[in-house]
Amino acid sequence: MKDFKVFYDQETDVLYIAREGEEAAVIEISPGINLEMDGDGKVIGVEILNASKLLRSVIDQIAEKSRLSGQRG
């Protein structure tokens, strides 16, 4: 998962795990979980809707790291 970055949008409650690339297709692999594919069929992202319900402990850790990073800068 080299080059992938994690983003969480608290307003929409969506967790993104993505790397740079142009999205050519989206595949829903489970309700609320989508894979974003490039033109070569390679995964460039994972989108998790309603993330706080599915991944509460993970979201808390990401939010804390983001908060701490903001305090350092």
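Residues numbered from 1 in each chain as written. Predicted model: local features only at pLDDT ≥ 70, side-chain atom pairs only at ≥ 80, totals over all residues. Heavy atoms only, no water.

### Thoughts on the sheet that holds strand β1 (residues 5–9)
The antiparallel open sheet is built from 5 strands, whose spatial order is β1-β2-β5-β4-β3. Only two strands of the sheet have a single partner each, and these edge strands are β1 and β3 (25–30). Within the sheet, the average angular offset between the axes of one strand and its neighbour, ignoring direction, is 20°. Direction of pairing for β3 relative to strand β4 (residues 33–37): antiparallel, over a ladder of 5 bridges. Among the inter-strand pairings, Glu28 is bridged to a residue of β4, identified as Asn34. (Pairing = 2+ DSSP bridges. Helix = DSSP H or I, 4+ residues; strand = E, 2+ residues; numbered from the N terminus. Axes fitted to C-alpha atoms, helices over the stretch in contact; angles between N-to-C directions.)

### Side note on the side chain of Ser52
Relative to the helices and strands, Ser52 is located in helix α1 (residues 51–54). Separated by 2.8 Å, the side chains of Ser52 and Asp13 make a polar contact. (Polar contact = N/O pair within 3.5 Å; in protein donor to acceptor, adjacent residues only side chain to side chain.)

### Points about the environment of Gly39
You can see Gly39 is positioned in the loop between β4 and β5 (43–49). Its relative accessible area of 68% is what places Gly39 among the exposed residues. Along the primary structure Gly39 and Glu22 are separated by 17 residues, whereas in three dimensions their C-alpha atoms are 7.5 Å apart. The contacts of Gly39, once residues within four sequence positions are left out, are Glu22 and Ala24. (Buried < 20%, exposed > 50% of the residue type's maximum accessible area, 1.4 Å probe, protein only. Contact = heavy atoms within 4.5 Å.)

### A short note on unusual backbone geometry
A positive phi is found at Asp13, a non-glycine position, where the angle reads about 55°. In this fold, Asp13 is placed in the loop between β1 and β2 (14–18).

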